[in-house]
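Listed below are the residues making up each chain.
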Amino acid sequence: MAEFVHITGTRSTRRIQRSGISARSHGRAGGRGVYCMPVLPSFTLTYQWVRELRRWHSGVLVAVHLRLPDDQPVTVGRYGAPPRQVTAAQAVAVVRELDDPRGYEVFVPRAITTAEVRQVRDIPQGVGWRYLPAAHGRRPCPCPACLPRGAYKVARLRRRFPYDAPPRPKSELMTWLRTATTADEIIDVLYELGRGRRGGAEELAYLADHPDPDVRDTLESILRAYRGRNARRLRERLAASDSPASDLDSH
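Residues numbered from 1 in each chain as written. Predicted model: local features only at pLDDT ≥ 70, side-chain atom pairs only at ≥ 80, totals over all residues. Heavy atoms only, no water.

What follows is about the pairing of strand E1 (residues 2-9). Side-chain positions along a regular strand alternate between the two faces of the sheet. The buried fraction of E1 amounts to seven of the eight residues, a majority that puts the element mostly inside the structure. Taken together, the eight bridges between E1 and strand E4 (residues 61-68) define a ladder with antiparallel strand orientation. Its bridge partner lying in E4, Val5 is registered against His65. Relative to strand E3 (residues 32-38), E1 runs antiparallel, the two sharing two bridges. By the bridge assignment, Val5 is partnered in E3 with Met37. (Buried < 20%, exposed > 50% of the residue type's maximum accessible area, 1.4 Å probe, protein only. Helix = DSSP H or I, 4+ residues; strand = E, 2+ residues; numbered from the N terminus. Pairing = 2+ DSSP bridges.)

Structure follows, in structure tokens:
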């Protein structure tokens, strides 16, 4: 069995232990699945993605350890480059043989079952690189994808290295949200809405009852960018509906 680690938010822990990891991420070769990293002899290299992923996830991150069949088809490669199609065992060997495996990732083109989840462990939140491996001393990219609003010292960096592309207006995003027909489309729009400080959280209240738990989780997360009493109440409603007591009541 090949061993990997997947980094995610701590609030997803109970859902992962109950039903596994959903195939939500987009693979670079197409399809949806789960990104992970082989367990390596080096602690820092095993959990190298933590610091970078902290820029995109609010709250504390945890490490989900997985065991996959050796013959499980996966892809492996450095982010931004075309990946190779190999088996899980071959992916572990490829990464272990690299002189510098920073920036490498493995993509499993399916969901992860509860039987394949071995443990969820706490990890230091400052492990690994940020922006890109060996980024220290290099000019940062000021685009909204690399420097999201609200991140540490972002305003200062944007003043030094201005970026001209404006964010999408909320009216356009709300139009896309109203026409979205799948959970994946809704989640994509919600992530866009969460990139800037917003108002009018009541426009999203109907999604609190969405049957897909990932939609509800994403909604609760992006409401941190919304102002006002309606946003706070909607977050409290979502937290209550996903509480252990609610799960017991539904059985």
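A few words on the packing of helix H6 (residues 170-179) against helix H7 (residues 183-193). Taken N-terminus to C-terminus, the directions of H6 and H7 make an angle of 165 degrees; their axes are 9 Å apart at the nearest point. As summarised for this structure, H6 and H7 are arranged roughly antiparallel, according to the angle between their axes. Pair H6 / H7 crosses with left-handed handedness. Mapping the contact onto sequence places Lys170, Leu173, Met174, Trp176 and Leu177 in H6 and Ile186, Val189, Glu192 and Leu193 in H7. (Axes fitted to C-alpha atoms, helices over the stretch in contact; angles between N-to-C directions. Parallel < 35°, antiparallel > 145°, perpendicular 65-115°, else oblique. Left-handed = near helix turned anticlockwise from the far one by under 90°. Contact = heavy atoms within 4.5 Å.)

Scanning all chains against the criterion turns up five aromatic pairs. Their ring planes at 65 degrees and their centres at 4.8 Å tell us that Trp49 and Trp129 sit as a pair that is edge-to-face. Taken together, the residues Trp49 in the loop between helix H2 (43-46) and helix H3 (50-53) and Trp129 in the loop between strand E8 (117-122) and helix H5 (154-160) connect sequence positions 80 residues apart. When its relative accessible area of 7% is taken as the criterion, Trp129 is described as buried. Their ring planes at 20 degrees and their centres at 5.9 Å tell us that Tyr79 and Trp129 sit as a pair that is stacked. With a gap of 50 residues between them, Tyr79 in the loop between strand E5 (73-78) and strand E6 (84-87) and Trp129 in the loop between E8 and H5 connect regions that are remote in the sequence. Looking at Tyr79, the relative accessible area reads 24%, which means it is partly exposed. (Phe/Tyr/Trp six-rings, centres within 6.5 Å; stacked < 30°, edge-to-face > 60°.)

Further remarks concern the side chain of Asp214. Note that Asp214 resides in helix H8 (residues 213-222). Within the structure, Asp214 has its side chain in polar contact with the side chain of Arg24 (distance 2.7 Å). When near neighbours in sequence (up to four residues on either side) are disregarded, Asp214 contacts Arg15, Ser22, Arg24 and Ile187. (Polar contact = N/O pair within 3.5 Å; in protein donor to acceptor, adjacent residues only side chain to side chain.)

What follows deals with the pairing of E6. Sheet topology places E5 next to E6; four bridges connect them, and they run antiparallel. Note on E6: the bridge partner recorded for Pro73 is Thr87. Counting the residues between successive antiparallel strands, the hairpin from E5 to E6 contains five residues, one of them, Gly80, with a positive phi of roughly 85 degrees.

Now for helix H4 (residues 88-96). Within H4, burial applies to Ala88, Ala91, Val92, Val94 and Val95. When H4 is viewed along its axis, its buried side chains cluster within an angular range of 160 degrees and face the same direction. Packed against the buried residues of H4 are E1, E3, E5, E6 and strand E7 (104-108). (Arc of directions from axis to C-beta.)

Helix length check: helix H9 (residues 229-241), at 13 residues, gives a terminal C-alpha distance of 18 Å against a target of 18 Å (1.5 Å per residue), a fit within 8%. Of all the residues in H9, the buried ones are Ala231, Leu234 and Leu238. Around the axis of H9, the buried residues are gathered within 65 degrees of arc, so they sit on the same side. Exposed residues on H9 whose side chains face more than 90 degrees from its buried face are Arg229, Arg232 and Glu236. As for H9, its buried residues are in contact with H8. (Expected span 1.5 Å × (residues − 1).)

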